[in-house]
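This is what each chain is made of:
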Amino acid sequence: MIFRVLYWVWLASEVLILIVTRTRSGDGKVSDRGSLVLLWVVICAAMFASGWAPFVLPGGDLRHAPWIAPVSLSLLIVGLAIRWTAIVTLGRSFSVNVAIHDDQHVHKTGLFRLVRHPSYLGMMIVFLAVGLRLRNWYSVAIAVLLPLAALLYRMHVEEAALTEAFGEEYVDYSRVTKRLVPYIY
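The sections below set out a description of the structure shown in this document. (Residues numbered from 1 in each chain as written. Predicted model: local features only at pLDDT ≥ 70, side-chain atom pairs only at ≥ 80, totals over all residues. Heavy atoms only, no water.)

### Remarks on the packing of helix α3 (residues 68–90) against helix α4 (residues 118–133)
Here α3 crosses α4 at 160°, and the two axes come no closer than 7 Å. If you check the angle between α3 and α4, you find them roughly antiparallel. In this structure, the crossing between α3 and α4 has a hand that is left-handed. Here the contact of α3 with α4 is built from residues that sort into 17 nonpolar, 4 polar and 2 charged. (Axes fitted to C-alpha atoms, helices over the stretch in contact; angles between N-to-C directions. Helix = DSSP H or I, 4+ residues; strand = E, 2+ residues; numbered from the N terminus. Parallel < 35°, antiparallel > 145°, perpendicular 65-115°, else oblique. Left-handed = near helix turned anticlockwise from the far one by under 90°. Nonpolar A, V, L, I, M, F, W, Y, C, P; charged D, E, K, R; others polar.)

Below, the structure written as structure tokens:
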């Protein structure tokens, strides 16, 4: 029950974030290159396909794994906490589309000390939680790998915009901070 409530809160929060934080061209330099639309299409397709995977690909069954429920709930909570903390930390600088505001700066504190894209890390943990909750290894793979591919493109677009806006400061930050997974990638 708690998982379902948090799942729907997460979906509602993503729609709200989409509506509230989208930067219009007059509010900043938008450099999205279609990554927002791609991300939403891929995430929706992945969530739909991962939900169907247990019915059409039964070989990945995890129904009898008692650890799934507590682990998936814990991952969902951690993922949401990371994503929402990153968004709150960025404040007005956060935008669902890739955009740079005039008063924006490179954030290097908090979660941004560990990774350059903590909101995406949180998102990936949420996708892992959702895939696990479906109790099928194919669901896990679909829920994680498809959005990851779209996010890799998105990070490429975002980092190009940040490098253009902040130059050597962002390049130096990129050299000492991992992109998505602390100490690994």
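Next comes the rest of the write-up.
### A word on unusual backbone geometry
It is generally the case that most residues other than glycine have a negative phi and that most peptide bonds are trans. The backbone of Arg135 sits at a positive phi, close to 60°, despite the residue not being glycine. Counting through the fold element by element, Arg135 comes out in the loop between α4 and α5 (137–166). You will see that Tyr183, though not glycine, has its phi angle at about 65°, which is positive. If you trace the backbone, Tyr183 turns up in the segment after α6 (168–176).

### Considerations on the nonpolar core
Core analysis: the largest hydrophobic core is formed by 32 residues, its most contacted members being Met47, Phe127 and Leu151. Counting only elements with at least two residues in this core, the list comes to α1 (2–21), α2 (35–56), α3, α4 and α5. With 10 residues, α4 is the largest single contributor of residues to this core. Beyond its immediate chain neighbours, meaning those up to four positions away, Phe127 contacts Trp10, Ile43, Met47, Ala143, Val144 and Pro147. If you look at the next biggest cluster of nonpolar residues, it comprises 17 residues, including Ile87, Phe94, Val98 and Tyr170. (Core = buried A, V, L, I, M, F, W, Y, C linked by side-chain atoms within 4.5 Å. Buried < 20%, exposed > 50% of the residue type's maximum accessible area, 1.4 Å probe, protein only. Contact = heavy atoms within 4.5 Å.)

### Let's talk about the packing of α1 against α3
Between α1 and α3, the shortest axis-to-axis distance is 10 Å and the interhelical angle comes to 25°. Judged on the interaxial angle alone, α3 and α1 are roughly parallel. Note on packing geometry: the crossing formed by α1 with α3 is left-handed. For the pair formed by α1 and α3, the contact residues are Ile2, Phe3, Leu6, Tyr7, Val9, Trp10, Ser13, Glu14 and Ile17 on the first element and Ser72, Leu73, Leu76, Ile77, Leu80, Arg83, Trp84 and Ile87 on the second. Along the lines of polarity and charge, the residues of the contact of α1 with α3 split into 13 nonpolar, 2 polar and 2 charged.

### Re the pattern of salt bridges
The tally for this structure, following the rule as stated, stands at 10 salt bridges. Arg179 is the salt-bridge partner of Glu159, the closest N and O atoms lying 2.7 Å from each other. Taken together, the residues Glu159 in helix α5 and Arg179 in the segment after α6 connect sequence positions 20 residues apart. By relative accessible area, which is 9% here, Glu159 ends up buried. By relative accessible area, Arg179 is classed as partly exposed at 22%. Of the charged contacts in the structure, one is a salt bridge between Arg175 and Asp172, with a shortest N-O distance of 2.7 Å. (Salt bridge = Lys/Arg side-chain N within 4 Å of Asp/Glu carboxyl O.)

### Brief notes about a nonpolar patch on the surface
On the surface, a cluster of nonpolar side chains totalling about 690 Å² of accessible area is made up of Phe48, Trp52, Phe55, Val56, Leu57 and Tyr138. The greatest single-element share of the nonpolar patch, amounting to 4 residues, is contributed by α2. (Patch = residues over 30% accessible without salt bridge, like charges linked within 9 Å, V, L, I, M, F, W, Y side chains within 5 Å. Areas by Shrake-Rupley, 256 points an atom, 1.4 Å probe, with all protein chains shown as cover.)

### Quick look at the environment of Leu132
Relative to the elements of secondary structure, Leu132 occurs in helix α4. When the C-alpha positions of Leu132 and Ala150 are compared, they lie 20 Å apart, and in sequence the two are 18 residues distant. Once you skip the residues sitting within four places of it in the chain, Leu132 turns out to touch Trp67, Ile68, Val71, Ser72, Leu75 and Val140.

### Things to note about α1
With 20 residues, α1 extends 27 Å between its outermost C-alpha atoms, agreeing within 8% with the 28 Å of an ideal straight helix rising 1.5 Å per residue. Within α1, the full set of buried residues consists of Phe3, Tyr7, Trp10, Ser13, Glu14, Ile17 and Thr21. Across the axial projection of α1, the buried residues extend over an arc of 125°, all falling on one side. Exposed positions of α1 whose direction lies more than 90 degrees from the buried face are Arg4, Trp8, Leu16, Ile19 and Val20. (Expected span 1.5 Å × (residues − 1). Arc of directions from axis to C-beta.)

Everything listed here is a matter of geometry and, on its own, says nothing about what the molecule does.
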